Amino acid sequence: MTLKADDVRSIAHLARLHIDDDSVDRYVDDLSSILTLVDQMNQIDSSGVKPLANPLDASQRLRADEVTEGDQREKFQAIAPDVADGLYRVPRVIE
Amino acid sequence: MPMTVTEIRQGLAAGEFSSSEITRDYLARIAQHNPTLNCFISVTEALALDQARQADARLAQGKAGLLTGVPIAHKDLFCTDGVRTSCGSRILDNFVAPYDATVVERFRQTGAVMLGKTNMDEFAMGSSNENSHYGNVANPWKTTHVPGGSSGGSAAAVAAGLAAAATGTDTGGSIRQPAALCGVTGIKPTYGRVSRYGMIAFGSSLDQGGPFARSAADCALLLQAMAGFDGRDSTSSETDVPDYSASLEQGVEGLRIGLPKEYFAEGLDSRLAGVIDTAIDELRKLGADISEISLPNTGLSIPTYYVIAMAEASSNLSRFDGVRFGHRCANPVDLEDLYKRSRGEGFGEEVKRRILIGTYALSAGYYDAYYLKAQQLRRMIKDDFQKAFDSVDLILGPTTPEVAFAIGAKTDDPVSMYLQDIYTISLNLAGLPGMSLPAGFVDGLPVGIQLIANYFDEARLLQTAHQYQQVSDWHLQTPEAFS
Amino acid sequence: MSTNLMNQWESVIGLEIHAQLATASKIFSGASTAYGAEPNTQACAVDLGMPGVLPVLNREAVRMAIRFGVAIDAVIDHQSIFARKNYFYPDLPKGYQISQFEHPIVGKGHIGISPAEGEHREIGITRAHLEEDAGKSTHDQFPEQSGIDLNRAGTPLLEIVSEPDMRSAKEAVAYARKIHSLVRYLEICDGNMQEGSFRCDANVSIRRKDDDRLGTRAELKNINSFRFLERAINYEIERQIDLVEDGGTVVQETRLYDSERDETRSMRSKEEANDYRYFPDPDLLPVAISDEDIAQIRAALPELPEQKKQRYIDDLGLSDYNAEQLTANRDTAVYFEAAYAEGDSAAAAQLANWILGDLAGALNKAGLDIVDSPISSPMLVQLVARIADNTISGKIAKQVFDAMWQGEGGADEIIETRGLRQITDSGAIETLIDEVIAANPDQVEQFRAGKEKVLGFFVGQVMNQSRGKANPGQVNTILRDKLK
């Protein structure tokens, strides 16, 4: 499997990652070689095998519906890059 | 020579020294050697001294817990309330965690003293600790060489005696591989044994925390403090935690140990194979019943692992977006610019590579070919182990295909770096516990052997390792410059 | 547009309804779900997507979803899986929403609607799945920035997806109202549309009447009332027909309903094709649901609107229409039943008429919900009882009702202070009649000459003299007697 520069750009956009134009080629090479490694999976016929999402064969534990968390806004917002009036701020979102 | 946790506990209990005294010693050693080794990202001196004073008070009152007064270090991926938690990344360089990870809280409660936060590959992505925003870590045995990764800082700190023990995390070998390369003992427990709450996620279905120490007996103490059910982690197991120290003295006579032939095939440095054969002979002499087994899908574990780990990581790392915490780029012109530049500037090369591959593997049209396929192979790999454990109690093999390599030797070739994990990652896919312990040297660099047990059978790993460490002293060796 | 043109087209509508589940805490964290708190004071570390935090599923949210599934007779699998829906948006802290993709908690079901009196349609429900709500953005608080409040992030949502079974805005509204009524009966959602507890998105497409393929659909968002739902769909149907008639094609897109302009417009910011990269959330394990769990939830279901309606018809003798109207809204049924429990079976029809007539009218005029009615159930019971025992006439009762609405007290109090008690004393009525007869000899002559209509004049005069309080029946009888 080999990727093209445009593939890398569109994946990077999906992942909201800025990639410098002059490093695109390197990503193309690196990602292509990783995909070549990954393509080894196709050597094995796994048809009919039930996918395993989690190593433990367990079920989800359910929590009681209780309010256990109080207001920690001050503490949480002390580490935020831009807050005002209790709100996190980002460049204007146009809807 | 640096003390073991067991020795520190004895010394504190007997009043031979105080926690404050040894904490000051460790802090002094860190000040002296960290410039060479770079194994700490943050040293929490004031906090450590304060905790040591509290520990001494607790000891004086006869209320000591399991690790009261023992100076340890946390991998900088465990959130520590009020202390920067960087995960080795620029994107979290300014992140002062607002809460404690469950593991950190448990160590705090048992009275352990935190010396600082250790260096690591960014977001635990790496096998050499060369992917840290804070620079690479040097191997204490040869400072031109890597300590392994991703928990390279923790392994190096314990090997050099800059901490009595340290925590690490293991997604594909990140405890066992650096333990092997630095000549210390490390254990990756069963998935679900140690809470993941507050452990910054890499591959959520693979990640597991565990300790590094100077002996299996020490690891037993540390794991005792870390393990157990946590209601804040849905994948945490409710299986009872046994007393790990209690079973250490049981012998290994009659223990059935399997050697996977795939682990001793092409790719393993023959000099390491020789060291491992000697260790196997020791265990045989102790009465273990050694046989060959097969784990036929071993070769597939690398592609399978990387698809799953990268897919999960690509999603786990989306929360680092410059909005609520962490790095934000200067003067974003719009929302897209804020996201792309904050993330582009904040993440290093390897992290970006993995986010991209993971994003690709999950994207429309490729999900079945990559992610779903990998999950099927994951089951096949797990089934291999289950079949093996029908006939053996433990599996033994090398931890790594070679000893520590020179810094920079593999940085240009991500795939060759990934191949370092060949013996370790299948355990993470299966969720099994594994352990690495020192078994000798090649070229003056440590060699580790890996023990693998069935689910929640950490006691047997520790016991076997401890028995081996009763007849060997590889684990007690310290690099000359740090002894 | 001519009706002819409209008649060549059929509209196809499916709804996606997001109902906030009425749990105390969030779906994956212990933060409160209460509405209206100061921004970000109910967003805990988990809701904020802090590094290292993990979700733990709220049992009540699961039970509520199953309750809904049982009520619509849906398939409920033994295993339900949570998945991550990946996309970047500032109100989505983790960069993914925990939702469900394969194996939703509620599978195929159905519900009956009555778009008009006497009509019945079954609407298919494709699935209903659990997910977490996002936060809220405000765009007018800062000059060049949006503000993000994550209090709502993590509130449990049940997304109820219908089949594209509806053929008009009216049917879509009937379906939405039916779901709204159901979730309130089940006490799994407060249904408050203003606060966003119950939100409707509509998928609208058109096709020629002889075509059975589905047309390209537009998704309408931002609809916060049933009235707007109807208007938005009607606008969109017309827009699509106009577009296609003019040679254009409908594009698949998300459109925002603007209630001020009464139009839908394209949401450019979300135009980009989404690739959500769904995969099972590795932080959450499969939810196991046993047959016993389902049976237990089924056994504990409250009486549902359909059952209630049937009971009103069978046991209380209400008309089909009144029974439907009383049960359409759970609060109305609760009001009615509170009144009925204190009255008797004979009063049921009377109570129904008052509730659906004068009370509904007054509430509507004042813009109030029945739970906020100034006239409580017991107050209405007293009023109806006073009509039944002839203390007041039906006409006077309207006066008493208005006075109760104005807060003048209960029926008895008002009747007493205003002196509205009906005159039933025959002697007193006779005196009044004698006076009227004496004052109108001409009309007496006319009546006696066979002009029956004049009786009405006498009744009116007598009632006037009594200021409406004389018992009209008695007045009639005595008058006829005296005029003979």
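Owing to the predicted nature of the structure, the values given are computational and were not obtained by experimental measurement.

## A few points about the pattern of salt bridges
Taken as a whole, this structure holds 67 salt bridges over all chains when the rule is applied. Here B:Lys117 and B:Asp76 are joined by a salt bridge, their closest N and O atoms 2.9 Å apart. With B:Lys117 in strand 3 (residues 113-118) and B:Asp76 in the loop between strand 2 (71-75) and helix 4 (102-110), this pair connects stretches of sequence that are 41 residues apart. Exposure class is identical for B:Lys117 and B:Asp76. Each is buried. Salt bridges sharing common partners tie together B:Arg196, B:Asp233, C:Arg84, C:Asp281 and C:Asp283.

## Regarding the interface of chain B and chain A
Many authors give the size of an interface as the accessible area that is lost as the parts come together. On the side of chain A, 49 residues touch chain B, which itself brings 70 residues to the contact. Contact with chain A buries area across many residues of chain B, yet B:Lys340, B:Leu356 and B:Arg379 alone supply 13% of it, more than any other trio. For the pair chain B and chain A, the number of links is 4 salt bridges. One salt bridge in this structure joins A:Asp30 and B:Arg353, with 2.7 Å as the shortest N-O distance. Joining chain B to chain A, the criterion identifies 23 residue pairs in polar contact (both at pLDDT 80 or more). Looking at the side of chain B that touches chain A, the elements that each hand over two or more residues are helix 9 (301-316), helix 10 (335-346), helix 11 (349-362), helix 12 (368-388), helix 13 (414-418) and helix 14 (425-430) of chain B. Top element by residues in the side of chain B that touches chain A is helix 12 of chain B. It accounts for 12 residues. Of the residues that constitute the side of chain B that touches chain A, the class distribution is 35 nonpolar, 17 polar and 18 charged.

## Brief notes about the side chain of C:Glu253
All names here are of chain C. Structurally, Glu253 is set in strand 13 (residues 253-258). On the basis of relative accessible area, Glu253 is assigned to the buried category, the value being 14%. Excluding residues that lie within four positions of it along the chain, Glu253 makes contacts with Arg217, Ala218, Glu219, Arg239 and Ser266.

## What about the packing of helix 9 (residues 347-366) of chain C against helix 11 (residues 394-405) of chain C?
Residue and element names in this part refer to chain C. Helix 11 packs onto helix 9 with a crossing angle of 40° between their chain directions and a minimal axis gap of 12 Å. It follows that helix 9 is oblique to helix 11 by the angle criterion. Judged by the twist between their axes, the crossing of helix 9 over helix 11 is right-handed. Residues Trp354, Asp358, Leu359, Ala362, Leu363 and Ala366 of helix 9 pack against Ala397, Lys398, Phe401 and Trp405 of helix 11. When grouped by side-chain class, the residues that make up the contact of helix 9 with helix 11 number 8 nonpolar, no polar and 2 charged.

Parameters and conventions
Residues numbered from 1 in each chain as written. Chains lettered and ligands numbered in written order. Predicted model: local features only at pLDDT ≥ 70, side-chain atom pairs only at ≥ 80, totals over all residues. Heavy atoms only, no water. Salt bridge = Lys/Arg side-chain N within 4 Å of Asp/Glu carboxyl O. Helix = DSSP H or I, 4+ residues; strand = E, 2+ residues; numbered from the N terminus. Buried < 20%, exposed > 50% of the residue type's maximum accessible area, 1.4 Å probe, protein only. Contact = heavy atoms within 4.5 Å. Buried area = accessible area lost by both parts, 1.4 Å probe. Polar contact = N/O pair within 3.5 Å; in protein donor to acceptor, adjacent residues only side chain to side chain. Nonpolar A, V, L, I, M, F, W, Y, C, P; charged D, E, K, R; others polar. Axes fitted to C-alpha atoms, helices over the stretch in contact; angles between N-to-C directions. Parallel < 35°, antiparallel > 145°, perpendicular 65-115°, else oblique. Left-handed = near helix turned anticlockwise from the far one by under 90°.

That is the geometry; function is a separate question.
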